Amino acid sequence: MKRLTIIYLALLLSVSYLFSGDIAGVIIDKNQNPIKSVNISIKNTYTGKIRNYISTEHGGFISQNIGNGLYSIMIHRIGYEVTTIVVRVLDDEKILKIALREKVILLKPYIKRANFAEIFETPITFSDIRYKDFNKRYFTEELPVILQTEPGINFYSDDGIGVGYSYISLRGFNQQRIAVLINGVPLNDAESNEVFWVDYADFLDNVERIQIHRGVSNALVGYGGIGGLINIVTKDYSEEPRWKTEGVFGSFGTLKYNVSYNSGMIDNKFAFYSRFSRIKSNGYRNDSWSDIWSYFIGGTYYYNKGNITLNLYGGPENVHLAYNGITKEYLEGNITGDIYNDRMFNPIDYKDAVDYFNQPHYELISNHLIDKNIGIKNTISLYTGSGYYKQFKSNIHLYEYYLPDIITGNDTITRSDIIRKRMVNEYDVFWLPEFSLNHILGELIVAGNVRYHFANHKGDVIWAEHYPDNIGPDWTYYNYNVTKDHYKLVLSEKTKIGNKFILLTAVEMEYLKYHYFADSMKTNVDFNVPAVFVNPKAGINYNINKFMGLYFSFGMASRMPGLDNYYDADHPYWSYPLFKDTINFTDPYIKPERLNDYEFGVNIVYGQHIESKINLYYMDFKNELVYSGQLDDNGVPIVGNAKKSFHSGIEISNRINIFKCLDITLNGSYNYNKLIDYMGYTMDWNTYIADSIDLSGNLAGGFPICLFFGSVRYNINNFSIEIMDRLVGKQYIDNTMDENTAIRPYNIVNANLSYMYKCFELSANVNNIFNTLAATNGYMDEGTAYYFPNAIRNYNVKLRICF
């Protein structure tokens, strides 16, 4: 009451100068506390004229010189019942005290339940990241850079700083084996299983929560990968109307600016959000610039038993290609003697080697409560994609592009420099239904996934140094269509057994089919590849007490290979379908990967002060896809299946907040990845004879042996500083365990600083403080090792203003 009295005195003083016919008031909750940012509409019941106000931070509002008459005052705010009162003004001053009743609003029913694992409830291995966890760390980077803080996560980028084509791995598995969802909609490309983060620039500004499932993912999600799952959910809205503008500038010509608007709740039924951004960067490496636009527009309609959300997001990207690595001579500065100059080298030096792509997403999500125990969720999504990239090719054979030799007098020209343009136009349609039933013992979920993919791929020669006179411009050397059907049904039951045990059982049934339509220009290859998977999963959670729990889970997972594992149709002259029967195109060489995953973990949570997790895993693979894993009928090495392999390890995650001003994070992983039965092949292109080498027992390439991340954040008043240390262990880049080509361990230290005052925020970061020079990833190509360098010391500065 003392606090309320002070507010009243302040309010009375503020209205002491009012003229007759004024209305003033204070909005409070049931505990007599003032409520800020309340929408107040004052309507003259005779004229119909409306005045709108928003309460101050003390809950007050004033309507001056309103005139005599009868007025209807409607008060509404998110989380409270709409309140309407009637006031008569007769040459007097009305000082009102209005109490609002709280109201439960259904924001996103079932998204939390059906798509997120919960500690002490869901028996899987996972990490949870909220917006507040990465907000101060995020400047312009793509999501793989931000997620490097979590156990088992590694990343690299083409440009060296994470703007334009970044890549993530989880437990060493590349992103083709990681399922990625946004609001429950699968993001992986239907043909390659890849994720193109460059198409989602500045998307993190819209993200509320990210959950990472390591290993076979939670059956409740229903769309798992082999290596794990990254589950992303966007924000709803702020509780009050808000504008926000943000600018970033940093090293290597990096710039970002965005503006966003959040409507808050309108008439207690609608909410609207929009953001528009642009990011530009020169990149660390030569000719690795990016120019990317981004937008997100969303709105939600709320009613008594649910809500309907419509989202539109995307943005065109324009990026210079830098997907080729550099040799060790460049990496170590042995070309010019200047290591800082050499390691920036980009072998793709053609100035117009540009990748342009636009992929808008349309998303409609409906959540409905039939009653308090039964819910239905439906998601309908469409995303389209169109774009191209150009490449310069030197001294190629004309016949590789189905161009005839050029005869001039007595000379015959068979080779030429060319520029080729590769284009794609595609679309994906999704229907994702979900039914959930709460019962006396737990929860039953039935979920589905229906996806149809169509794409047209086309390649043109748009210029040639020597071009046949009798052929028109833009010579098409391939043109084909692809479709992919995907149907999935998931049945999941979570059962509580007494007060200690929670049992999760599930089964996933899945049907997929590629259809490659014959290239209308050059070939007659036409095939269908179907696949049927049935994957059971089970896990049990045992809660020792309210602070500690144990879990064990077993899950089976399967993955269909990418389309180019069956036929690399973008290289029609040099490629042929990898089928044993090339007449009817049946019995492909490449088989789906299959996995049995065993997980055991301990979770410890002590209030808001300590969260500690430790887990062991063993992933037993059959037919894991590896490079040069098989020979075709012509004796040529192809990407193929290793008959048997396994991946195992230990992971730890600790978050400590014993002191209010000090946050400590310690995450790490150590893994052991072994090829049990694997024969590797190499090709001698002079003799066209393949050599075999038994690599059974070797460690698998591409998997860092260990990863460690630690951070200390100190917060005082409005200022915070964070020091982060990341260690990446040795990594073989192929399966031969060659120490000469292996990536050496490296350690990177970064720092973030932030100052906030009301709606003003100034942040800065310094990456790679000690200027460590390292390779972040690598690959082998025809016996030569290539590497991707990290950026030298660099910084970013961010200014954010809200109003």
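Reading the values: rules and limits
Residues numbered from 1 in each chain as written. Predicted model: local features only at pLDDT ≥ 70, side-chain atom pairs only at ≥ 80, totals over all residues. Heavy atoms only, no water. Helix = DSSP H or I, 4+ residues; strand = E, 2+ residues; numbered from the N terminus. Rg over C-alpha atoms; globule rule 2.2 N^0.38 Å. Buried < 20%, exposed > 50% of the residue type's maximum accessible area, 1.4 Å probe, protein only. Areas by Shrake-Rupley, 256 points an atom, 1.4 Å probe, with all protein chains shown as cover. Lys, Arg positive; Asp, Glu negative; His and termini not counted. Charge placed at Lys NZ, Arg CZ, Asp CG, Glu CD. Salt bridge = Lys/Arg side-chain N within 4 Å of Asp/Glu carboxyl O. Contact = heavy atoms within 4.5 Å. Polar contact = N/O pair within 3.5 Å; in protein donor to acceptor, adjacent residues only side chain to side chain. Pairing = 2+ DSSP bridges. Axes fitted to C-alpha atoms, helices over the stretch in contact; angles between N-to-C directions. Phe/Tyr/Trp six-rings, centres within 6.5 Å; stacked < 30°, edge-to-face > 60°. Lys NZ or Arg CZ within 6 Å of the ring centre and 35° of its normal. Core = buried A, V, L, I, M, F, W, Y, C linked by side-chain atoms within 4.5 Å. 1 Å grid on protein atoms, 1.4 Å probe; cavity = no way out; pocket = protein on both sides within 12 Å on 5 of 7 lines; lining within 4 Å. Points joined across faces, edges and corners; volume = space filled by probe spheres on them.

Chemist: Just checking my understanding: could you explain the overall build of the chain for this structure?
Modeler: Each helix and strand counted, the chain has six helices and 47 strands in total. Here the chain has a C-alpha radius of gyration of 30 Å; the compact-globule value for 803 residues is 28 Å, and the two agree. Counting only C-alpha atoms, the chain reaches 105 × 70 × 55 Å along its principal axes. For the chain, with 803 residues in total, the buried portion stands at 55%. Total accessible area on the chain is roughly 34,900 Å²; 58% of this is exposed by carbon and sulfur atoms. Mean positive and mean negative side-chain charge positions of the chain (75 and 86 charges, respectively) differ by 11 Å.

Chemist: Explain the pattern of salt bridges here, please?
Modeler: Opposite charge on two side chains permits them to pair, given that their charged atoms come into close proximity. Summed over the entire model, instances satisfying the criterion amount to 32 salt bridges. Across the pair Asp 205 and Lys 244 runs a salt bridge whose closest N-O atoms are separated by 2.8 Å. In this pair, Asp 205 is assigned in the loop between β13 (185–186) and β14 (207–214) and Lys 244 in strand β16 (residues 242–250), connecting sequence segments 39 residues apart. By the burial criterion, Asp 205 is buried, and Lys 244 matches it. In this structure, Asp 460 and Lys 458 form a salt bridge, with 2.8 Å as the shortest nitrogen-oxygen distance. On the accessibility criterion, Lys 458 (24% relative accessible area) is partly exposed. Residues joined in a network through salt bridges with shared partners are Asp 202, Glu 246, Lys 256, Arg 275, Glu 761 and Arg 800.

Chemist: Please clarify how the environment of Asn 667 should be interpreted in this entry.
Modeler: Mapped onto the secondary structure, Asn 667 falls in strand β38 (residues 662–677). On the basis of relative accessible area, Asn 667 is assigned to the buried category, the value being 2%. Along the primary structure Asn 667 and Ser 653 are separated by 14 residues, whereas in three dimensions their C-alpha atoms are 4.4 Å apart. Once residues lying within four places of it in the same chain are set aside, the contact partners of Asn 667 are Thr 149, Glu 150, Pro 151, Ile 652, Ser 653, Asn 654, Leu 707, Phe 708 and Phe 709. Polar contacts involving the side chain of Asn 667 include one to the main-chain carbonyl oxygen of Thr 149, which spans 2.8 Å.

Chemist: Looking at this structure, how should I read the sheet that holds strand β2 (residues 39–44)?
Modeler: Pairing is antiparallel across the open sheet formed by four strands, whose spatial order is β3-β2-β5-β6. On the outer flanks of this sheet lie β3 (50–54) and β6 (83–89), each paired with one strand and no other. Here the strands of the sheet are splayed against their neighbours by 20° on average, with no regard to which way each runs. For strand β5 (residues 69–76) and β6, the ladder comprises seven bridges, and the chain directions are antiparallel. Looking at the pairing, Gly 69 lines up with Val 89 of β6.

Chemist: Mind showing me how you'd approach the pairing of strand β42 (residues 719–728) here?
Modeler: Taken residue by residue, a regular strand's side chains alternate between the two faces of the sheet. Only one face of β42 is buried: it carries Ser 720, Glu 722, Met 724, Arg 726 and Val 728, and the other face, with Phe 719, Ile 721, Ile 723, Asp 725 and Leu 727, is open. In the sheet, β42 pairs with strand β43 (residues 746–757) via ten bridges, with the strands oriented antiparallel. Opposite Ile 723, over in β43, you have Ala 751 as the bridge partner.

Chemist: Please clarify how the sheet that holds strand β15 (residues 228–234) should be interpreted in this entry.
Modeler: Hydrogen bonding along the main chain pairs the strands of a sheet, whether they run parallel or antiparallel. The strand order across the open sheet built from five strands is β8-β14-β15-β12-β13, with neighbouring strands paired in mixed fashion. At either end of the open sheet lies a strand with only one pairing partner, and these are β8 (126–130) and β13.

Chemist: Just to check I follow, could you spell out the packing of aromatic side chains for this structure?
Modeler: Per the stated rule, a full pass over the model turns up 43 aromatic pairs. Three or more aromatic residues joined by ring pairs form one cluster here, namely Tyr 401, Tyr 477, Tyr 478, Tyr 480, Tyr 514, Tyr 516, Phe 527, Tyr 566, Tyr 567, Phe 579 and Phe 585. Its end group placed over the ring of Phe 116, Arg 209 keeps NZ or CZ at 3.9 Å from the ring centre. Directly above the aromatic system of Phe 139 lies the positively charged group of Lys 798, at a separation of 4.8 Å from the ring centroid.

Chemist: What is the right way to read the nonpolar core from this model?
Modeler: General note: in soluble globular proteins, nonpolar side chains tend to be found buried as a group. In this structure, Tyr 401, Tyr 516, Phe 527, Val 529, Met 560 and Tyr 566 are the most contacted members of the largest nonpolar core, which totals 32 residues. Counting residues per element, the ones that place at least two in this core are β28 (442–464), β29 (475–497), β30 (501–516) and β31 (527–543). If we skip the residues at most four places from it in the chain, Met 560 touches Asn 193, Leu 512, Tyr 514, Val 529, Pro 530, Ala 531, Phe 533 and Tyr 566. Counting residues in each nonpolar core, the second largest holds 27 residues, with Ile 129, Ile 178, Ile 182 and Leu 187 among its members.

Chemist: How do you make sense of empty space enclosed by the protein when you look at a structure like this?
Modeler: The rolling of a water-molecule-sized probe over the atoms marks out the regions of remaining empty space. In this structure the tally under the stated criterion is eight cavities of 30 Å³ or more. As a volume, the largest cavity reaches approximately 590 Å³. As for the largest cavity, its lining consists of 34 residues, and the residues nearest its centre are Val 145, Gln 148, Phe 155, Asn 750 and Asn 767. Those elements that place two or more of their residues in the lining of the largest cavity are α4 (143–146), β9 (153–157), β42, β43, β44 (760–767) and β47 (794–802). Looking at the lining of the largest cavity element by element, the count peaks at four residues for β43.

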